[in-house]
Amino acid sequence: MARYILGVTGASGAIYATRTAMHLKRFGHDVSLIVTKPGRDVVEFEGQGQLFDYAEKVFNIDDFFAECASGSSDYAGMAVVPCSMGTLGRIAAGTSDNLLVRSADVCLKERRPLVILPREMPYSLIHIENMERVTRAGAVVIPASPQFYSKPSTIEELVDTVVAKVLKHLNALGNEKNIVPSWNNFLVK
Ligand SMILES: Cc1cc2nc3c(=O)[nH]c(=O)nc-3n(C[C@H](O)[C@H](O)[C@H](O)COP(=O)(O)O)c2cc1C
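Residues numbered from 1 in each chain as written. Predicted model: local features only at pLDDT ≥ 70, side-chain atom pairs only at ≥ 80, totals over all residues. Heavy atoms only, no water.

**Brief notes about the overall build of the chain**
Counting its secondary structure elements, the chain contains six helices and six strands. Listing each helix as α and each strand as β along the chain from the N terminus yields β-α-β-α-β-β-α-α-β-α-β-α. Dimensions of the chain, computed from C-alpha atoms along their principal axes, come out at roughly 55 × 40 × 35 Å. With 189 residues in all, the chain has 49% of them scored as buried. (Helix = DSSP H or I, 4+ residues; strand = E, 2+ residues; numbered from the N terminus. Buried < 20%, exposed > 50% of the residue type's maximum accessible area, 1.4 Å probe, protein only.)

**Remarks on the packing of helix α3 (residues 85-93) against helix α4 (residues 99-109)**
Direction vectors running N to C along α3 and α4 enclose 45°, while the axes themselves pass 9 Å from each other. Here α3 is positioned oblique relative to α4, judged by the angle of their axes. Crossing of α3 over α4 shows right-handed handedness. Taking contact as the criterion, the partners of T87, R90 and I91 in α3 are, on α4, L100, V101, A104 and L108. Partitioned by chemical class, the residues of the contact of α3 with α4 number five nonpolar, one polar and one charged. (Axes fitted to C-alpha atoms, helices over the stretch in contact; angles between N-to-C directions. Parallel < 35°, antiparallel > 145°, perpendicular 65-115°, else oblique. Left-handed = near helix turned anticlockwise from the far one by under 90°. Contact = heavy atoms within 4.5 Å. Nonpolar A, V, L, I, M, F, W, Y, C, P; charged D, E, K, R; others polar.)

**So, the layout of surface pockets**
Reported here for the largest pocket is a volume of approximately 330 Å³. Forming the walls of the largest pocket are 17 residues, and the residues nearest its centre are Y149, A164, K165, N178 and V180. Among the residues making up the lining of the largest pocket, the classes are represented as ten nonpolar, five polar and two charged. (1 Å grid on protein atoms, 1.4 Å probe; cavity = no way out; pocket = protein on both sides within 12 Å on 5 of 7 lines; lining within 4 Å. Points joined across faces, edges and corners; volume = space filled by probe spheres on them.)

**Let's talk about the pairing of strand β4 (residues 77-83)**
Burial within β4 is extensive, with seven of its seven residues counted as buried. Here four bridges tie strand β1 (residues 3-8) to β4, and the two strands are oriented parallel to one another. By the bridge assignment, I5 is partnered in β4 with M78. In this structure, β4 lies alongside strand β5 (residues 114-118), joined through four bridges in parallel fashion. (Pairing = 2+ DSSP bridges.)

**What about the site of the ligand?**
The immediate surroundings of the ligand are formed by 13 residues, with G10, T36, S84, T87 and R119 found nearest. One nitrogen or oxygen atom from the side chain of S84 is found 2.5 Å from an oxygen atom belonging to the ligand. R90 places a side-chain nitrogen or oxygen 3.1 Å from an oxygen atom of the ligand. Protein coverage of the free-state accessible area of the ligand, which is 640 Å², stands at 64%. Secondary structure elements with two or more residues in the shell around the ligand: α2 (37-45) and α3. Looking at the shell around the ligand, the element that brings in the most residues is α3, giving three residues. Residues that form the shell around the ligand fall into these classes: four nonpolar, six polar and three charged. (Near = heavy atom within 4 Å. Polar contact = N/O pair within 3.5 Å; in protein donor to acceptor, adjacent residues only side chain to side chain. Areas by Shrake-Rupley, 256 points an atom, 1.4 Å probe, with all protein chains shown as cover.)

**As for the packing of aromatic side chains**
One pass over the structure, following the stated rule, counts zero aromatic pairs. Residue placement shows R3 over the ring face of Y75; its charged tip is 4.3 Å from the ring centre. The residue whose ring lies beneath R26 is F27, and the NZ or CZ to ring-centre distance is 4.8 Å. (Phe/Tyr/Trp six-rings, centres within 6.5 Å; stacked < 30°, edge-to-face > 60°. Lys NZ or Arg CZ within 6 Å of the ring centre and 35° of its normal.)

Encoded structure:
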């Protein structure tokens, strides 16, 4: 299967990262994890330490010798889940000043899938302009906006309605595989 980079920042919503990593692994993919320092704090604060159990590799945020810092690596894509407004701004500005931001920059320059899941409310114009900028550069911005028509009954099921979109845009779903039923199943016949 494929190898994916999962970047995790200090935005709320660490459960989105855990479920993304869990489903990538379930579908047979390898997950290389990069967590910012605030990200580690929020993962712990929100009780999502199991995130690390799903990772094949965990890279240090300051390790620019890591393979994902290079365009010659064979990663199939990257998701930043959840993405803080700080990291969004750094990606939009191309700062490449930590391994997460550098890896995102590499995905953009190599034209590999880069999925960004911003988490903030409300948005300022700066946030919106940064989302526009990364979208123009080739990233897909997927807001943490779950759907309710599948009538999710647990937080995990609700979160998975968003994670399903992340995996779809990473091309990480097999032909017959999905996490939530498609819209067709809910249409009144
Ligand atoms: C519990 C907690 C929740 C936070 N939630 C958000 C959030 O949803 N969105 C956001 O942009 N920042 C949020 N922050 C602030 C970021 O952690 C902070 O801006 C940090 O510098 C982001 O750094 P990073 O992008 O390197 O992870 C939160 C901080 C804490 C402690």
